[in-house]
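# Reading the structure
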Amino acid sequence: MFRTNNVKNEQISLLSKMNEWSNYKTKLLKNSWAETFRNVIMPNIDEEPYKVLYSDISSRPNTPVNYLIGLLIIKSLMGLSDEELINAAFFDEKIQYALGTLDYINQPISKNMISNFRVRLYEYNDEAGIDLFENTMKELNDNIVEISKVNKTLKRVDSLMISSSCKRMTRTELIYKVNERFIKLLNKSGEKLNDEYKKYLDEDNEVDVLYRVKEEELTGKLTMLLNQSISLYKKYKHNKKYNETIEFKQLERLISEQYDDKENKPKSGKEIKPTSMQTPYDEKATYRFKYKGNIGYVGNIVETIDTEKEVALITDWDLAPNVKSDLEFMQEIIEEKKENEIETKETYITDAAYFSGEVNEQAKEANIELHPTDMTGKKDIKETNLANFELDENKNIIECPNGKKPIESKYCESNDTIYATFDKESCKDCPNIKKCPIRLFKKINKLTVSTKQIETAKVKEGRNTNEYKELSRKRSGIEGINSLLRYKYHIDRRQTKGLAYLTVVFTTSILSINIKRITKINKIVNNNA
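Note that the coordinates shown come from a computational prediction; the quantities given were computed from them, not determined experimentally. (Residues numbered from 1 in each chain as written. Predicted model: local features only at pLDDT ≥ 70, side-chain atom pairs only at ≥ 80, totals over all residues. Heavy atoms only, no water.)

## Let's talk about the environment of Met-137
By secondary structure assignment, the location of Met-137 is in helix H7 (residues 132–148). Separated by 68 residues in sequence, Met-137 and Ile-69 have C-alpha atoms that sit 9.4 Å apart. Once you skip the residues sitting within four places of it in the chain, Met-137 turns out to touch Ile-69, Ile-73, Trp-317, Thr-507, Thr-508 and Leu-511. (Helix = DSSP H or I, 4+ residues; strand = E, 2+ residues; numbered from the N terminus. Contact = heavy atoms within 4.5 Å.)

Quick look at the structure:
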């Protein structure tokens, strides 16, 4: 039975053990993360959305949801395993103070409490498509940002690849494992298996099929295994007992992604999409080559910088299969600002992967200024001249950098291209002719250029200004967050499988970073008081 735990405005009891502490010990506690946690995190956890995880039948009340969520955040904050977290909840006074249970006779924690709560979260996420935990983390983080009163107009953005904890598989291994999982389900359910399928129940068979095979035999093995997949699918696709199971759904997906129905043969490696299943143990993980091959996810982080207060806080984040590009993340940021009708101008310092002419136009409409650094591409002297072409509101060329007007200029919206013609005499003695992108013909000269090229050229031209250089220097600061997530919070080495599992680790790690930062600010304020 669900019951909320009201910890708002909770006061320290006169009989509290804290009253026996020395002033120095109390001061240390007040200047630690535990004070921030007790006052900023615990009272602001909205427990009502979690009511759906519990029964309506009258029974023993649930362990307070804010206590469970608090434990999961502290687990990340202190880098603890579940076992270490349980021990700390029983014996660590700082953690008990943070959670508001310092003076409890019995701490409200048991051996499997944390894992059971996580399972409930994951199952509800799968069933309803609602991530209760991430919503809570966003609310708590927004509250931290509001309390800090940071100026939200300057932001920097970066992404990081996060590997799935599952073993990377070859195509043959993938097909074998999907077949094996379904066959083991059939065996467990009492289905009679032929000799061909019984081999999957023998652990030594995997070694014989996958590893004791010559290179020239690989194609034949892959075809054989995939044909077994198809046979299994055809036999059980109308069987209601099995066709709704996870194992059968994986089999169905495997065939659609790996087999060419028209040619009646396995697809070639180049035909397999990056979004295809990489492992049956983490179905949402995707493949992407960025510096090196990665199977897993990509996290996008937005950090707000207040230069006056010298404070930087993570104000937004996103986590998705790693085929999602930086441009897509940027477009979502722009759309969200439009939807929330935020009129304040914002500047985003990004790397070049977040920038394109089209996205830059969308950003301007949302009152966002994009400041891309490390613009890639070949150095082209013609870009400098291209940036100085003057356009009207209909994206037609008014005049060239030398002040010459075109004979005609037309903008084609379907391909975002400007077509302009200039008189031969206009270009004859032009001092910029060698660095102009115009094409010279016998009767007239023609210019064909996209607005994206012009926008990119303008951005590149601005790289020599003092403002550009000053903002660019602030870009590298966000790299520190990526390092923290990798090397302090071990985001790549957590034994988590699936996007829902990783979301808990990712969001609590980000919140932990902000809790420590706001604690540092409060400590400075307290010491100066």
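## Some points on the pattern of salt bridges
Close approach of charged atoms allows side chains with opposite charge to pair. The full count for this structure, using the stated rule, is 25 salt bridges. For Asp-158, the salt bridge identified is with Arg-475, shortest N-O distance 3.4 Å. One end of the pair, Asp-158, is in strand E1 (residues 154–163); the other, Arg-475, is in helix H18 (residues 466–475), with 317 residues separating them in the sequence. Residue Asp-158 shares its accessibility class with Arg-475, and that shared class is buried. A salt bridge links Arg-475 to Glu-479; the shortest N-O distance between them is 3.6 Å. Looking at Arg-475, the relative accessible area reads 7%, which means it is buried. By relative accessible area, which is 38% here, Glu-479 ends up partly exposed. One connected set of salt bridges, linked through shared partners, spans Asp-158, Asp-351, Arg-475 and Glu-479. (Salt bridge = Lys/Arg side-chain N within 4 Å of Asp/Glu carboxyl O. Buried < 20%, exposed > 50% of the residue type's maximum accessible area, 1.4 Å probe, protein only.)

## A closer look at unusual backbone geometry
Of note in this structure, Glu-310 is not a glycine but carries a positive phi near 55°. Looking at where Glu-310 falls in the secondary structure, it is placed in the loop between strand E5 (292–306) and strand E6 (311–321). Overall, the relative accessible area of 73% leaves Glu-310 in the exposed class. With phi around 60°, Asn-367 is a residue other than glycine that occupies positive phi space. Among the secondary structure elements, Asn-367 is positioned in the loop between helix H14 (357–365) and strand E8 (368–373). In this structure Asn-367 comes out as partly exposed when scored by relative accessible area, which is 31%.

## Here we look at the sheet that holds strand E11 (residues 408–412)
In space, the four strands of this open sheet follow the order E11-E12-E14-E13, with antiparallel pairing throughout. With one partner strand each, in any of the chains shown, E11 and strand E13 (439–440) form the two edges of the open sheet. Across seven bridges, strand E12 (residues 417–423) lies against strand E14 (residues 444–450) in antiparallel orientation. Within E14, the position partnered with Asp-423 by the bridge is Ile-444. Together, E11, E12 and E14 form the strand contacts of helix H17 (residues 451–461), whose direction differs from that of E14 by roughly 75°. (Pairing = 2+ DSSP bridges. Axes fitted to C-alpha atoms, helices over the stretch in contact; angles between N-to-C directions.)

## A look at H7
Between its first and last C-alpha, H7 extends 25 Å over 17 residues, near the 24 Å set by a 1.5 Å rise per residue. Those residues of H7 that fall on the buried side of the exposure criterion are Leu-132, Phe-133, Glu-134, Thr-136, Met-137, Leu-140, Asn-141, Ile-144, Val-145 and Ser-148. Two or three places before Phe-133, at the opening of H7, Asp-131 has a side-chain oxygen 3.3 Å from that residue's backbone nitrogen. Backbone geometry just after H7 places Lys-149 at a positive phi near 55°. (Expected span 1.5 Å × (residues − 1). Polar contact = N/O pair within 3.5 Å; in protein donor to acceptor, adjacent residues only side chain to side chain.)

## A short note on a negative patch on the surface
On the surface, a cluster of negative charge is made up of Asp-46, Glu-48, Glu-139 and Asp-142. Here Glu-48 lies in the loop between helix H2 (33–41) and helix H3 (65–78). With a relative accessible area of 45%, Glu-48 lands in the partly exposed category. (Patch = residues over 30% accessible without salt bridge, like charges linked within 9 Å, V, L, I, M, F, W, Y side chains within 5 Å. Areas by Shrake-Rupley, 256 points an atom, 1.4 Å probe, with all protein chains shown as cover. Lys, Arg positive; Asp, Glu negative; His and termini not counted. Charge placed at Lys NZ, Arg CZ, Asp CG, Glu CD.)

## Topic: the confidence of the model for the chain
Confidence along the chain averages 86 in pLDDT terms, with 90% of residues attaining 70 or more. Across the chain, element-level confidence peaks in H3 with a mean pLDDT of 95 and bottoms out in strand E4 (residues 286–290) with 58. (pLDDT = per-residue confidence, 0-100.)

## Re the packing of aromatic side chains
Applying the stated criterion across every chain yields a total of 11 aromatic pairs. Here a set of aromatic residues connected by ring pairs shows up, and it is made of Phe-182, Tyr-233, Tyr-236, Tyr-242 and Phe-248. Against the face of Tyr-97 rests Arg-38, its NZ or CZ located 4.6 Å from the ring centre. The ring of Phe-441 carries Lys-446 above its face, with NZ or CZ at 5.3 Å from the centroid. (Phe/Tyr/Trp six-rings, centres within 6.5 Å; stacked < 30°, edge-to-face > 60°. Lys NZ or Arg CZ within 6 Å of the ring centre and 35° of its normal.)

## Focus on the pairing of E11
It is a general feature of regular strands that their side chains alternate between the two faces of the sheet. Here five bridges tie E11 to E12, and the two strands are oriented antiparallel to one another. The partner of Lys-410 across the bridge, within E12, is Tyr-419.

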